[in-house]
Amino acid sequence: MTIYLCGFMGCGKSTIGKMIATKTNMNFTDLDEYITCKEGMSIPEIFSQKGEPYFRAKEAEAVKELSGKNTVIACGGGTILNDNSATAARENGVVIFLDVPFESCYERIKDDTNRPLVVNNTKEQLREIFDHRHDIYLKNSTLSLLADKSPFEICEDILSTIKIFKKQGDLS
């Protein structure tokens, strides 16, 4: 099974993903790290030298490359906004939207210089991006989880939900 965690920057995808992978003996992949390793550049370098569309295309390729593997994938904040990436993820695994309020996300990301969107936008602009993305995350995910609690609680919620879906035959 492939589990894709999606949501806004700072919602806890990497933290939760590592916990789930450990508890289930699955592999863990941070999609941004996967891309930067393959490209040999940081995300800010990719954005400045090759542009955001290039980066988004690499995200879509990575989703397809990792689909169907026994892994937990922490998607970048924009990955599931791409309909092709979202479709590939849903068809080959389960996409879980970690729904965290903007203020919580913002507190976690506000000083992160490795995030081009954070560096190049004000708090108000980030809020607009968050609001715009929220409905797209909902539309493109298999499951949505209110995730403004401890990482342990979120991990347990996800594992319980997946177990229920597996029993119902909704997940392979």
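Fair warning: this is a prediction, and the values are worked out from it, not measured in the lab.

## Thoughts on unusual backbone geometry
Logical step 1: A positive phi angle is found at Asn25, which is not glycine, with a value near 60 degrees.
Logical step 2: Position of Asn25 relative to the elements: it lies in the loop between α1 (13-24) and β2 (27-30).

## Thoughts on the sheet that holds β2
Logical step 1: Strands sit in the order β2-β3-β1-β4-β5 across an open sheet of five strands; the sheet is parallel. If you trace the sheet from one side to the other, it starts and ends with β2 and β5 (143-146), each paired once. For this sheet the average axis-to-axis angle between neighbouring strands, irrespective of direction, equals 20 degrees.
Logical step 2: Packed onto the sheet, α1 meets β1 (2-6), β2, β3 (71-74) and β4 (94-99) and runs at close to 165 degrees relative to β2.
Logical step 3: The strands that helix α8 (residues 123-140) touches are β1, β4 and β5; relative to β4, the one it contacts most, it runs at about 150 degrees.

## Focus: the pattern of salt bridges
Logical step 1: Taken as a whole and assessed by the stated rule, the structure comprises twelve salt bridges.
Logical step 2: Put simply, Lys123 and Glu103 hold a salt bridge, and the shortest N to O gap is 3.2 Å. Here the residue Lys123 occupies a position in helix α8, and Glu103 occupies one in helix α6 (residues 102-109), the gap between them amounting to 20 residues.
Logical step 3: When its relative accessible area of 40% is taken as the criterion, Glu103 is described as partly exposed.
Logical step 4: Among the ionic contacts, a cluster of salt bridges with common partners joins Glu52, Arg56 and Glu59.

Conventions and cut-offs
Residues numbered from 1 in each chain as written. Predicted model: local features only at pLDDT ≥ 70, side-chain atom pairs only at ≥ 80, totals over all residues. Heavy atoms only, no water. Helix = DSSP H or I, 4+ residues; strand = E, 2+ residues; numbered from the N terminus. Pairing = 2+ DSSP bridges. Axes fitted to C-alpha atoms, helices over the stretch in contact; angles between N-to-C directions. Contact = heavy atoms within 4.5 Å. Salt bridge = Lys/Arg side-chain N within 4 Å of Asp/Glu carboxyl O. Buried < 20%, exposed > 50% of the residue type's maximum accessible area, 1.4 Å probe, protein only.

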